[in-house]
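The residues making up each chain are set out below.
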Amino acid sequence: MRKYIVKRLLLSVMILFCVTFIIYTLLRCLPASYVETTAMQLASAPGAKPYEEWLEQLNAAYGLDQEILPGYITWLGQALRGQFGDSWKYAMPVLDKFNEVIWLSFIMGAIALLLELIIAIPLGVIAATKQYSRTDYAITAGALVGISLPTFFFATILKLIFSVKLGWFDLYGLVGRDFALLDPVGQFLDMANHLVLPIATLVIVSVGSLMRYTRTNMLEVLNSDYIRTARAKGLSEKKVIYEHAFRNTLIPLVTIIGGSLPGLFSGALITETLFTIPGIGYTSFEAMRIGDIPFSMFYMSFLAILTLASNLISDILYAVVDPRVRIA
Amino acid sequence: MQEEKKVELKEQEPYSLNDDRRVKVLSPGAMVVKRFFRNRLAVLGMVMLIVMFIFSFIGGVVSPYGEDEQFYRYEDQMKEYVAAVKNEVFRYTAADGQKFDSVLQAKFQLAVEKKENSFDYKDVVYEMQQEGEDLYSISSDGVLLAIAAKDIVNTEGEELPFSIKHEALKAYANEQESFALNGKDYQLDEEGNIIDGENVIGYISRLVVSAAAPDVKVSRQFKEELEAIIDADKDEFVFVGEDGTEYEYKISYDATTKNWSVKQGKATYVYDSYSKPSKAHWLGTDKNGMDMLTRLMYGGRVSLIIGFIVVIIETVLGVIFGGLAGYFGKWVDQLIMRIVDIFYCIPSMPLIIILGAAMDAAKVDPSIRMFYLMLILGFLGWPAIARLVRGQILSLREQEFMAATEACGIRVSRRIFKHLIPNVIPQLIVTCTMSLGSTIIMEATLSFLGLGVKFPFASWGNIITDVNSAYVMTHYWFVWIPAGICLLIAVLGFNFVGDGLRDAFDPKMKR
């Protein structure tokens, strides 16, 4: 087991190098990046230096005068020492900005995941036990509608109903207009109020796949021989389903939930942008739009690490949770 | 003969209970079809897809409008036309060859307020004589210098001589109907017209009308009409101009400046943007005055075509690489699967956003941009399919029929593409159908963020972009709700069908 983990870790590190190199190359090769735009602006000021001189100066300042490979090695060397440079858009160290915004995203993601679990697992189990019934059709259709809903459309409908027509929530932002005047409890409630719609969007849009996953796995378990045995020996249906079947369904569920834990840190790019919630998703969206290389590099490497971590966690959990799986 | 009879008899005979012919045997394909059509959701999805395809691909042909045909409408815009003010101060007219400058005007004003009959300035005495209400004549040493009046003589055509003005004002102030000058008779009518025999040579009025723009010429009739309207205290009237067109005017009175400002309603030719649903435009028009329904049809075409092309690219790449990896194993498998791992790790959404922003900055042509978008999406999507194909092939490879193909000496390429791949196809179809849905969502999301398909091309995503302005969101539902519903129906259709196919292909399924 330990050998397996070490092997996987080494492999992950290799993959990470490749991924960051590819991303770095892409970012450097893109035309008309932030530096060109800034140089253009600076050069158009009255009495300024010509565009080429500005470009050269800025490139040197931002470390872009190197070739791609040496540039990547420089970046890598600094990244390994935990220095990701200053964000161009936010004009502060990337890590500081990251620290500032990541927790909001994490809290949003954690609440959303919790709600998803509470909704998806019971409904998935019910759908599987009553396969092809009206309930099953309703749940399956509901799950598929959730999957098929484009985030931006659903978020807009929520805004129209709850913000505009009912006036319960604000359209944008994390804090209200008179946030500074409120006492700490009021401030907390204000933020919570602003997070209701984004979290609702996240839950509805992503609850479907977990529900279907539960249903599929539950169905598989219900069709297996040991369930038939359990029924044959005269156990009550309740006991069969909730003790024998459900516990076995938990194996793939725990695996996939464990795998989705690192994803809590990745932020919800689209949802945060739609609601202007200053989490990691929105922050990086803004940075990426103007071609802020240090921030984009950091965010994308971070996402790559999260993906690798979640793959690793789900593979390990798979072996840990299911005693039948043995990894040499 | 006997033989035939026997057969006939046998056919008429009812089947015995264990006769094979009692069991209707279906081919595997027919089984799949049967199972698929039993699934109500899948059939619903199929209907949704067919509707969307007809809507997008035939709709564009049937629709009387073009994809980016713009519509216009006349819009009434009120423009400042003239300003009118009732004269409340004395206006001075100097006699021929005389001067009546501002110092004298001020002195005169003071004298009037003090109700004196004369004033002096620089040792000269000026005498003023009231000749009627608000009409004075000023003279010194018996010479007439000027007249001061609140009524104004407007000339029609040639400038009137001072003497006529003077006499006319005198007559008007004293409410006479005629006056004589130099042996000629002039008539004055109720409206203040000065008539010389037949011709109207001028008119007297207190209203001063000045044009708001230099190109505006205010006609006599207009002024009279305006005066009448103001006296009647109305705030709206219609007037037929000299060119015969009817204009609408609105009058507003500003009490502090004592001004009437008159606005002319003028039809302006504008884009028919955000017009409500009507007979001509069933779903109204969008920001640029294009027919919404037609945009939706063409948008659907773009969204569906992009979805299909992306999925085709994904599938071709995925099947080739997955097939190679699965069949050859060893270092080929290792290499390809590591590449797949790397692709899996590249965060696709951020990457596409960055690429989109770069294309924005480079001002890539919208049609080329669409092409790039498909390539990027396809190129980022193949690893999932490669994994699926590889996994399937790994298990199929060990089965007996593959050993048989090897024993028969069939070529490797034929073994892979003729014997292995067809067995993967059921899984592949399911995955492709589902990923069509997710690709369409992805494209729509990008277009919504302004990073995907760009104007003038329509796509369901970029139609909804207008909703970014809260005003459009709340006031023009027809701009974004139909597009969202189209999107939802198409994606849902693909997901229902994909789900139904998955169940239908699964031999373990009960039904």
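Because the structure is predicted, anything quoted here is derived from the model rather than measured.

Cut-off values and rules
- Residues numbered from 1 in each chain as written.
- Chains lettered and ligands numbered in written order.
- Predicted model: local features only at pLDDT ≥ 70, side-chain atom pairs only at ≥ 80, totals over all residues.
- Heavy atoms only, no water.
- Helix = DSSP H or I, 4+ residues; strand = E, 2+ residues; numbered from the N terminus.
- Rg over C-alpha atoms; globule rule 2.2 N^0.38 Å.
- Contact = heavy atoms within 4.5 Å.
- Areas by Shrake-Rupley, 256 points an atom, 1.4 Å probe, with all protein chains shown as cover.
- Lys, Arg positive; Asp, Glu negative; His and termini not counted.
- Charge placed at Lys NZ, Arg CZ, Asp CG, Glu CD.
- Patch = residues over 30% accessible without salt bridge, like charges linked within 9 Å, V, L, I, M, F, W, Y side chains within 5 Å.
- Salt bridge = Lys/Arg side-chain N within 4 Å of Asp/Glu carboxyl O.
- Core = buried A, V, L, I, M, F, W, Y, C linked by side-chain atoms within 4.5 Å.
- Buried < 20%, exposed > 50% of the residue type's maximum accessible area, 1.4 Å probe, protein only.
- Pairing = 2+ DSSP bridges.
- Axes fitted to C-alpha atoms, helices over the stretch in contact; angles between N-to-C directions.

1. Some words on the overall build of chain B
- The helix and strand tally for chain B stands at 15 helices and 15 strands.
- Whereas a compact globule of 511 residues would reach a radius of gyration of roughly 24 Å, chain B reaches 45 Å, over 25% beyond that.
- Along the longest, intermediate and shortest principal axes, the C-alpha atoms of chain B span 150 × 65 × 35 Å.
- Pairs at least 24 residues apart make up 61% of the contacts formed inside chain B by residues separated by at least 6 positions.
- When the accessible surface of chain B is split by element, carbon and sulfur atoms take 55% of a total near 27700 Å².
- Chain B carries 53 positive and 67 negative side-chain charges, and their two centres are separated by 20 Å.

2. A short note on a nonpolar patch on the surface
Residues and elements named next belong to chain B.
- Together, Val 33, Phe 37, Met 46, Ile 50, Ile 54, Phe 57, Ile 58, Val 61, Val 62, Ile 305 and Ile 309 give the surface a local cluster of nonpolar side chains, amounting to about 970 Å² of exposed area.
- Taken together, the elements giving at least two residues each to the nonpolar patch come down to helix 2 (28-38), helix 3 (40-62) and helix 7 (292-328).
- If you tally residues by element for the nonpolar patch, the top one is helix 3, at seven residues.
- Relative to the helices and strands, Met 46 is located in helix 3.

3. Side note on the nonpolar core
- In this structure, Val 19, Trp 75 and Phe 152 of chain A together with Leu 296, Ile 306 and Ile 464 of chain B are the most contacted members of the largest nonpolar core, which totals 158 residues.
- Discounting chain neighbours no more than four positions away, the residues touching Phe 152 of chain A are Leu 274 of chain A together with Ala 444, Thr 445, Phe 448, Gly 461, Ile 464 and Leu 487 of chain B.
- In terms of nonpolar packing, the next biggest core, distinct from the first, is built from 19 residues, Leu 135, Ile 147, Ile 164 and Ala 173 of chain B among them.

4. Let's talk about the sheet that holds strand 14 (residues 246-254) of chain B
Residues and elements named next belong to chain B.
- With antiparallel pairing, five strands are arranged side by side in an open sheet as 12-1-15-14-13. Each edge of the open sheet is held by one strand with a lone partner, namely strand 12 (207-211) and strand 13 (236-240). Averaged over all pairs of adjacent strands, the angle between strand axes in this sheet comes to 35°, irrespective of strand direction.
- Sheet analysis places strand 13 next to strand 14, joined by five bridges and oriented antiparallel. Bridged to Glu 236 within strand 14 is Lys 250.
- Against the sheet, helix 6 (residues 220-232) engages strand 1 (72-86), strand 12, strand 13, strand 14 and strand 15 (259-271), with an angle of about 160° to strand 13.

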